[in-house]
Amino acid sequence: MLLQIEIKDFAIIEHSIINFKNGFNVITGETGAGKSILLSALSSIIGERTSKSVVRKGKEKAELKAVFLKTEKLSKQLEAKNITSTDDVVIVERIISASGKSYAMVNGSIQPAQSIKEICQELVEICGQKAHLELLQEDKYLHLLDNYMDKEDIELLASYKEEYSKYKQVSKTIDELLSKEREQEQLLDLYRFQQKEIEDMKLVVGEDKQLEEEQRFLDSFEQISTSLNQTINSLNIVNDIYQAGKFTKRC
């Protein structure tokens, strides 16, 4: 439960303290009264992004503070993060510098933005006019569910992610082994086909030497044939010359 919010030098607000009572509280006002600024301040306190432009003009920094009533679940969160808490309230502060730097504190202990969000998600839920549209976006579902996780759930999720990572690695190894097995089967089929081709040729021992001798014979035959053709061509030329000489004598 939000007990009090203090805003100092934030946007148009110089200094304002608002106390809330148990039950239903309503803040009303005309347009420009500062209702949206109040929500922006609260959003900044619980870890949402903000910029130096929210610092009141002429001031060095904006100071925001919210006091919440502590719950049992929140006490466990604070203990897990080593944040001391001696009373029944939790004080969350956000300092935004005009230079652009900002930091947040829980009970005086400086905390990163993620820790602030984890703590405050148990304390505040801000619903805008179009917030319900997130329910139609599937990529938001896990985020919405994660907001309701406690420490035990977070540890369980981390354990699941670790085991799932191991599963993916084992699955990858199995796929690689199956791929190698398929490659080996394909090679085996190829070798069987080649073996059958060799068997169909009905080769005999020593046939390779006989084939080599036939190859040498065929090579020498080709050389002899080429020489004979060259000789025949030469004889034909000689015969042509002889015939030409006889014809010249007759003339």
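What this report covers is the structure whose coordinates are included nearby. (Residues numbered from 1 in each chain as written. Predicted model: local features only at pLDDT ≥ 70, side-chain atom pairs only at ≥ 80, totals over all residues. Heavy atoms only, no water.)

**A few points about the overall build of the chain**
Argument step 1. In terms of helices and strands, the chain carries six helices and six strands.
Argument step 2. The N-to-C order of helical and strand elements in the chain reads β-β-α-β-α-β-β-β-α-α-α-α.
Argument step 3. Taken against the 2.2 N^0.38 rule, which gives 18 Å for 251 residues, the C-alpha radius of gyration of the chain at 47 Å runs more than 25% over that of a compact globule.
Argument step 4. Projected onto its principal axes, the C-alpha positions of the chain cover 145 × 60 × 35 Å.
Argument step 5. Expressed as a percentage of the 251 residues in the chain, the buried residues total 18%.
Argument step 6. Here the contacts in the chain between residues at least 6 apart in sequence split such that 61% fall between residues at least 24 apart.
Argument step 7. A distance of 9 Å separates the average location of the 34 positive side-chain charges in the chain from that of its 42 negative side-chain charges. (Helix = DSSP H or I, 4+ residues; strand = E, 2+ residues; numbered from the N terminus. Rg over C-alpha atoms; globule rule 2.2 N^0.38 Å. Buried < 20%, exposed > 50% of the residue type's maximum accessible area, 1.4 Å probe, protein only. Contact = heavy atoms within 4.5 Å. Lys, Arg positive; Asp, Glu negative; His and termini not counted. Charge placed at Lys NZ, Arg CZ, Asp CG, Glu CD.)

**Considerations on the layout of surface pockets**
Argument step 1. Looking at the second largest pocket, its volume works out to about 690 Å³.
Argument step 2. Lining the second largest pocket are 22 residues, and of these Phe20, Asn25, Ile27, Leu39 and Leu42 lie nearest its centre.
Argument step 3. Elements that contribute at least two residues to the lining of the second largest pocket include exactly strand E1 (2–10) and helix H1 (35–45).
Argument step 4. Here the lining of the second largest pocket takes five residues from H1, the largest share from any one element. (1 Å grid on protein atoms, 1.4 Å probe; cavity = no way out; pocket = protein on both sides within 12 Å on 5 of 7 lines; lining within 4 Å. Points joined across faces, edges and corners; volume = space filled by probe spheres on them.)

**Quick look at the pairing of strand E2 (residues 13–19)**
Argument step 1. Bridging between E1 and E2 involves six bridges; their strand directions are antiparallel. The residue bridging Phe10 from the neighbouring strand is Ile13, located in E2.
Argument step 2. Counting the residues between successive antiparallel strands, the hairpin from E1 to E2 contains two residues, one of them, Ala11, with a positive phi of roughly 55°. (Pairing = 2+ DSSP bridges.)

**Notes on a negative patch on the surface**
Argument step 1. A surface patch of negative charge is lined by Asp208, Glu212, Glu213 and Glu214.
Argument step 2. Along the polypeptide, Glu213 turns up in helix H6 (residues 207–250). (Patch = residues over 30% accessible without salt bridge, like charges linked within 9 Å, V, L, I, M, F, W, Y side chains within 5 Å. Areas by Shrake-Rupley, 256 points an atom, 1.4 Å probe, with all protein chains shown as cover. Salt bridge = Lys/Arg side-chain N within 4 Å of Asp/Glu carboxyl O.)

**Some thoughts on the pairing of E1**
Regular strands place their side chains on alternate faces of the sheet.
Argument step 1. In this sheet, strand E3 (residues 61–69) lies alongside E1 in antiparallel orientation, the contact comprising six bridges. Within E3, the position partnered with Gln4 by the bridge is Val67.

**Regarding the pattern of salt bridges**
Argument step 1. Within the structure shown, the criterion is met by five salt bridges.
Argument step 2. For Lys81, the salt bridge identified is with Glu118, shortest N-O distance 2.7 Å. Of this pair, Lys81 sits in the loop between helix H2 (72–80) and strand E4 (89–97) while Glu118 sits in helix H3 (residues 113–120), and the two are 37 residues apart along the sequence.
Argument step 3. A residue is classified by how much of its surface remains accessible, and Glu118, at 24% relative accessible area, is partly exposed.

**Details of the environment of Lys180**
Argument step 1. Along the chain, Lys180 falls in helix H5 (residues 151–200).
Argument step 2. Taking C-alpha positions, Lys180 is 24 Å from Tyr164, a pair spaced 16 residues apart along the chain.

**Notes on a nonpolar patch on the surface**
Argument step 1. A cluster of nonpolar side chains, contributed by Leu187, Leu190, Tyr191 and Phe193, occupies part of the molecular surface with about 400 Å² of accessible area.
Argument step 2. Within the secondary structure, Phe193 is located in helix H5.

**A word on the side chain of Gln77**
Argument step 1. Structurally, the position occupied by Gln77 is in helix H2.
Argument step 2. In this structure Gln77 comes out as buried when scored by relative accessible area, which is 15%.
Argument step 3. The contacts of Gln77, once residues within four sequence positions are left out, are Glu118, Ile119 and Glu122.

**Quick look at H5**
Argument step 1. Helix length check: H5, at 50 residues, gives a terminal C-alpha distance of 73 Å against a target of 74 Å (1.5 Å per residue), a fit within 8%.
Argument step 2. In the stretch just after H5, Lys202 is the one whose phi turns positive, near 50°. (Expected span 1.5 Å × (residues − 1).)

Everything listed here is a matter of geometry and, on its own, says nothing about what the molecule does.
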